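Each chain, written out:
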Amino acid sequence: MPHLSLLSPTGPLTVFEDAGALVAVEWGRADKGAETPLLVEARRQLNQYFDRERQVFDLPLAPQGTEFQRAVWAEMSKIPYGAMATYGELAKTLHSAARAVGGACGKNPIPIIIPCHRVLGQGGRMTGFSGGDGISTKSALLQLEGTII
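So, here's what we can say about the structure. Here the residue numbers are simple positions, counted from 1 along each chain's written sequence. Totals for whole chains, interfaces and linings use all residues, but because this is a predicted model, local features are given only for residues with pLDDT of at least 70 and pairs of side-chain atoms are given and counted only at 80 or more. As a rule here, side-chain values come from all non-hydrogen atoms in the structure, and water together with hydrogens is ignored.

### So, unusual backbone geometry
Despite not being glycine, Ala-19 shows a phi value in the positive range, around 55 degrees. One can find Ala-19 in the loop between β2 (13–18) and β3 (21–27). Exposure remark for Ala-19: the relative accessible area of 76% places this residue in the exposed category. For His-95, which is not glycine, the phi torsion reads 55 degrees and is therefore positive. By the element assignment, His-95 lies in the loop between α3 (87–94) and α4 (98–106). Each residue gets one of three labels from its accessible area relative to the maximum for its type: buried under 20%, exposed over 50%, partly exposed in between, using a 1.4 Å probe on protein chains only. On the accessibility criterion, His-95 (76% relative accessible area) is exposed. Only DSSP runs of H or I covering at least 4 residues are called helices, and only runs of E covering at least 2 are called strands; the numbering of each starts at the N terminus.

So this is what it looks like as structure tokens:
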């Protein structure tokens, strides 16, 4: 699977492509990557995001997951840059439970681009984050976006 690694303020990231769409962003460096036009563009847009020059990503995405997970990821994608929502708010929109939404957030294969870092617990409580160094990485992404937490 074509992939490309890049350095970010939250550590090295690797982006993965399949069939012309991004399918994953993972913390860590992967060897023997292959540059494709899409991966080069993803690196460019991520670098712009980290440089505070981009607030919205424009990339083809194909996250693999259940129908419910994809619905949660679609709702998360609607949370604007610098804003936050709670698991409960997303659950209400999806007619589901906050725990189920939290589980889907934790399975998000394309963090940052699908902004699971913008989802907080009840009362704005910082909760788990599956990427990087966990909550400290989530906090760093929110601070990058100018969110006061």
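### Re the side chain of Thr-10
Within the fold, Thr-10 resides in the loop between β1 (3–6) and β2. Here a polar contact means two N or O atoms within 3.5 Å. Within protein one must be a hydrogen donor candidate and the other an acceptor candidate, and residues neighboring in sequence count only if both atoms are side-chain atoms. One polar contact links Thr-10 to Ser-8, side chain to side chain, over a distance of 2.9 Å. Polar contacts involving the side chain of Thr-10 include one to the side chain of Trp-27, which spans 3.1 Å. We call two residues contacting when some pair of their heavy atoms lies within 4.5 Å. With residues up to four places along the chain from it excluded, the contact list for Thr-10 reads Trp-27, Phe-50, Thr-137, Ala-140 and Leu-141.

### Details of the pattern of salt bridges
Each salt bridge in this description consists of a side-chain nitrogen of Lys or Arg and a carboxyl oxygen of Asp or Glu lying within 4 Å of one another. Applying the stated criterion to the full structure yields four salt bridges. Among the ionic pairs, Arg-43 bridges to Glu-35, the shortest N-O distance being 3.7 Å. Judged by its relative accessible area of 24%, Arg-43 is partly exposed.

### Re the packing of aromatic side chains
Within 6.5 Å between ring centres, the rings of Phe, Tyr and Trp (the latter by its six-membered ring) count as paired, and their orientation is classed by plane angle as stacked under 30 degrees, edge-to-face over 60, tilted in between. Scanning the entire structure with this criterion turns up three aromatic pairs. Counting every residue linked through ring pairs, the aromatic cluster contains Tyr-49, Phe-50, Phe-57 and Tyr-81.

### Some words on the pairing of β2
Two faces belong to every sheet, and in a regular strand the side chains alternate between them. Burial runs high along β2: five of the six residues are buried. Whether two strands pair depends on DSSP finding at least two bridges between them. For β1 and β2, the ladder comprises four bridges, and the chain directions are antiparallel. Each residue of the ladder has a partner; that of Leu-4, found in β2, is Val-15. With antiparallel pairing between neighbouring strands as the criterion, β1 and β2 make up a hairpin whose turn holds six residues, including Gly-11 at a positive phi of roughly 115 degrees. Examined bridge by bridge, β2 and β3 share six bridges and lie antiparallel to one another. The residue bridging Glu-17 from the neighbouring strand is Leu-22, located in β3.

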